Amino acid sequence: MIQTPLYKRFAASLDNLLADESAHAKTQTLTRGLTVALSGGVDSVVLLHLCHHYVQCNSRLALQAIYVDHGLSPNSLKWQAFCKAQCEALAIDFTPVSVKVVAQSRQSLEAQARAARYEALDRQAYPHHALVLGQHADDQVETFLLRLKRGSGLKGLGAMQARTELPSGRVCLRPLLTSQRTDIEAFAKTFGISHIEDESNLSDRFDRNFLRNQILPLLKSRFTGFVPSVMRTIELLQGQQALLDEITRADLLHCLDEQSLSVKRLAEFAPLRQQNLVRAWLAEQGVQMPSQKQLDQILTQALNAKADAQMAVTLPAGQVRRFRDNLYWVCEQAPRQSHSNIALATVMLDDSTTLCVIEGKGVRHPMPDEQVSVRFNCLSEKVKPLGRSGRNTLKHWLKDYGVPTWERGRVPLIYYNDELVQVVGFFVNEAYASSQGLNWKLEDARNTQDR
């Protein structure tokens, strides 16, 4: 078996994918094992056998298989029993899991089942295992055609990558992407590897099945080498996307100012590059891609508005705002609540932030008759910061310190009775300043809990 062309291609691909692992910054630990997504179909059962022989040659790796029951076929429990028997025969750890797929409007049943499957595989796979998936060259061509039908751009037409990561950081590997379905079926026949047939694969009401059953056979019979030709096109598109990603990263580094985007530096680029930059910046914030109309609105307002204009473009999860010469991604946050009589205790302001106090340069200790409190959004309060000339409103000073409009109401204000003595993170009231006093600071709530 290990001398066959299919196994050699598979093993070479998996060797490269595992060797490339250390080059990906998000991967925290090396893969200790492989978890096969096992459906019982010919692709996944052949993949199981290939992985079984691979780990025998690589004893450092463990092997697991997971069967996901979507509850969409009356035969699903029979398929589960079949998969279990396959694993028992090869002494492979087997994990069955059931998911519930509820039909929703504006989303295909295929997409919902796929999302549920990946979530279940990620949840049930052993720690530090890479998911190994059985998609092959014909699946890749089907994906390309489906995305072509939807009018996808460069990244979408690049179809599936041999290596991807789930949101959790779990690595997914597709070592059969360069192998055709006929090679996999021939391998199964040669070695007498049994498999099940999913009756839903015969239904052309699913777009992928229609392509698989009706369109691809026709294209293959008409055009010699059709699948390898499309695979070469996909490889070229993926290479072009990788080059674009490299240019985009350089553009982002040029325009980023911490988490905000410099409008002046953004304006240096041509319109198409500006659009690409804003998309990439929003993707870094985990934001769903805006429509072309929304993107045009963001760029028009960002580049043409006056520096002090109040810009706000609303997207489903938040807003793109401008302050001075920078763009910010702003999520809606619950207002922080005031706390009275906090003395010198640590105060939890929200799920991610605590307010604590340390000895040192700051404000003098409170007198016995002075109650300490923390308040918010008192922007009309007048105060004179240490080392600054004149008294003015807190709104004036926060603007002077470069605090964006939407963040000013969340800045903690320390009061002794009704006197503002410290604006946390910015300045202290000159009348209360002390070189051997107290200084309130914001900390990450998780770090505080760890202590």
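Residues numbered from 1 in each chain as written. Predicted model: local features only at pLDDT ≥ 70, side-chain atom pairs only at ≥ 80, totals over all residues. Heavy atoms only, no water.

1. Structural notes on the pattern of salt bridges
Two side chains of opposite charge can pair, provided their charged atoms sit close to one another. Per the counting criterion, the structure on display carries 21 salt bridges. As a salt-bridge pair, Glu 165 and Arg 163 come within 3.3 Å of each other at their nearest N and O atoms. For Glu 165, a relative accessible area of 24% corresponds to the partly exposed category. Here Arg 163 falls in the buried class, since its relative accessible area comes to 15%. (Salt bridge = Lys/Arg side-chain N within 4 Å of Asp/Glu carboxyl O. Buried < 20%, exposed > 50% of the residue type's maximum accessible area, 1.4 Å probe, protein only.)

2. Digging into helix 9 (residues 226-255)
For helix 9, spanning 30 residues, the distance from its first C-alpha to its last is 43 Å, which sits close to the expected 44 Å at 1.5 Å a residue. Restricting attention to buried positions, one finds in helix 9 the residues Phe 226, Val 227, Val 230, Met 231, Ile 234, Leu 237, Gln 241, Thr 248, Asp 251, Leu 252 and Cys 255. (Helix = DSSP H or I, 4+ residues; strand = E, 2+ residues; numbered from the N terminus. Expected span 1.5 Å × (residues − 1).)

3. Thoughts on the UniProt feature "binding site: ATP" (unreviewed entry) in the chain
The positions UniProt marks with the feature "binding site: ATP" (unreviewed entry) are Ser 39, Gly 40, Gly 41, Val 42, Asp 43 and Ser 44. Structurally, Ser 39 is set in the loop between strand 1 (33-37) and helix 2 (42-57). You can call Ser 39 partly exposed: its relative accessible area is 39%. A polar contact is formed between the side chain of Ser 39 and the backbone nitrogen of Gly 41, at a distance of 3.2 Å. Mapped onto the elements of the fold, Ser 44 is located in helix 2. (UniProt positions renumbered as here; feature names shortened; annotations may be inferred. Polar contact = N/O pair within 3.5 Å; in protein donor to acceptor, adjacent residues only side chain to side chain.)

4. Structural notes on the pairing of strand 3 (residues 93-98)
As paired elements, strand 2 (residues 62-69) and strand 3 share 6 bridges and run parallel to each other. Residue Gln 64 lies in a different strand from strand 3, and its bridge partner there is Asp 93. A crossover connection joins strand 2 to the parallel strand 3 through helix 3 (residues 76-90); in handedness this β-α-β unit is right-handed. (Pairing = 2+ DSSP bridges. Right-handed = clockwise from strand over helix to strand, strands pointing away.)

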